[in-house]
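Here is how the chains run, residue by residue.
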Amino acid sequence: MDLGLEGRRIMVGGASRGLGAAIAEAAAEEGARTALVARQSEALRAVASRLGGVTIAADLTTADGPADATRRAIDALGGLDGLVVNSGGPPPGSFAALDETAWERAITGTLQAALRVIRTALPALDDGCDPAILLVLSSSVREPVANLVTSNVLRPGLNGLIKSLVGEIAPIRINGIAPGRIDTDRVRSLDRTRSEESGQPIEEVKAQNVARIPLGRYGEPAELGRVGAFLLSRAASYVNGVVVAVDGGMIRSLP
Ligand SMILES: NC(=O)c1ccc[n+]([C@@H]2O[C@H](COP(=O)([O-])OP(=O)(O)OC[C@H]3O[C@@H](n4cnc5c(N)ncnc54)[C@H](OP(=O)(O)O)[C@@H]3O)[C@@H](O)[C@H]2O)c1
């Protein structure tokens, strides 16, 4: 199957590692041209040189970072056909453990950053070819994740944004992807925090998580990257307004 991504101009947030890098990689393998956004790092430059993409060093948690990064990506690519809304995850913790500052960080980094990137990208996507937006969300859109109340509150809000925009921005398509536990720095760090807080060895924490996953393992970033590239592509031309779970069957709720 030809995904039809050849020459498509795609901006990918949080692209120096983990899920963003995996989506960028899968799209680039299909011939897409990528603008890769993350804070300045050797890792960002390494991914870009591997994929032949351009680097956009930006902090998506600042007030101007998202719009500025998006404008630079559009300039560098000469337009925009695809947008991956993604960045670092919100701070973990129970409701009791999260103070005003943590919530501020969560809302700015997860909700505001997404709104700002999408708002800036829309006019360029409107002129794009088979334009599509993909939001990297979480299994928390279907079921709350323990000790991650920020995600449980904010990700469903972004799911609501997808359902709201779908009627407003067509023919630009907009979809989400809901990772369960994909083996990235973020998930390793969450497991480490849980291990430190509970006093359980990290292997035990991981084993408890894996026990909930019918496929019996964490996912690999490339397994999510391929689904992301498909959702951005012309091959998914009639897929609109949905959130696709990539979780090895972990979440049992009906969509
Ligand atoms: N992995 C999973 O299974 C899973 C499950 C549910 C939800 N998610 C969500 O999916 C998203 C990606 O997760 P991941 O596992 O790929 O995380 P990750 O491995 O920690 O990667 C995060 C990426 O975002 C970039 N980033 C972080 N803060 C940024 C900032 N302020 N401005 C710009 N870029 C920033 C990082 O680069 P720099 O640090 O260099 O900027 C990196 O490229 C997160 O929001 C996470 O909560 C992941």
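These numbers come from a predicted model, not from an experiment. (Residues numbered from 1 in each chain as written. Predicted model: local features only at pLDDT ≥ 70, side-chain atom pairs only at ≥ 80, totals over all residues. Heavy atoms only, no water.)

*Asks:* Any chance you could explain the packing of helix α4 (residues 100-126) against helix α5 (residues 149-169) here in plain terms?
*Replies:* How two helices pack is summed up by the angle between their axes together with the distance between the axes. With their axes 10 Å apart at the nearest point, α4 and α5 run at an angle of 15° to one another. Comparing their axes, α5 and α4 come out roughly parallel. Judged by the sense of rotation from one axis to the other, the crossing of α4 with α5 is right-handed. For the pair α4 and α5, contact is made by W103, A106, I107, T110, L111, A114, L115, I118 and L122 and by V149, T150, V153, L154, R155, L158, L161, L165 and I169, respectively. (Axes fitted to C-alpha atoms, helices over the stretch in contact; angles between N-to-C directions. Helix = DSSP H or I, 4+ residues; strand = E, 2+ residues; numbered from the N terminus. Parallel < 35°, antiparallel > 145°, perpendicular 65-115°, else oblique. Left-handed = near helix turned anticlockwise from the far one by under 90°. Contact = heavy atoms within 4.5 Å.)

*Asks:* Would you take a moment to explain the layout of surface pockets for this structure?
*Replies:* Empty space left among the atoms is revealed by rolling a probe the size of a water molecule over them. Its boundaries defined by the atoms lining it, the second largest pocket holds a volume of some 200 Å³. Around the second largest pocket, the lining residues are L3, A22, E25, A26, E29, E30, A222, G225, R226, A229 and F230. Counting only elements with at least two residues in the lining of the second largest pocket, the list comes to α1 (18-29) and α8 (221-232). Residues of the lining of the second largest pocket, tallied by class, amount to six nonpolar, one polar and four charged. (1 Å grid on protein atoms, 1.4 Å probe; cavity = no way out; pocket = protein on both sides within 12 Å on 5 of 7 lines; lining within 4 Å. Points joined across faces, edges and corners; volume = space filled by probe spheres on them. Nonpolar A, V, L, I, M, F, W, Y, C, P; charged D, E, K, R; others polar.)

*Asks:* Help me understand the packing of helix α6 (residues 185-198) against helix α7 (residues 202-211) in this model?
*Replies:* At a closest axis distance of 9 Å, the pairing of α6 and α7 adopts a crossing angle of 115°. Along this stretch, α6 crosses α7, giving a crossing that reads as right-handed. Every residue of α7 that contacts α6 at R188, D191, R192, R194, S195 and S198 is listed here: I202, V205, K206, Q208 and N209. Counted by class, the contact of α6 with α7 contains two nonpolar, four polar and five charged residues.

So, to be careful, I would describe these as geometric facts and stop short of saying anything about function.
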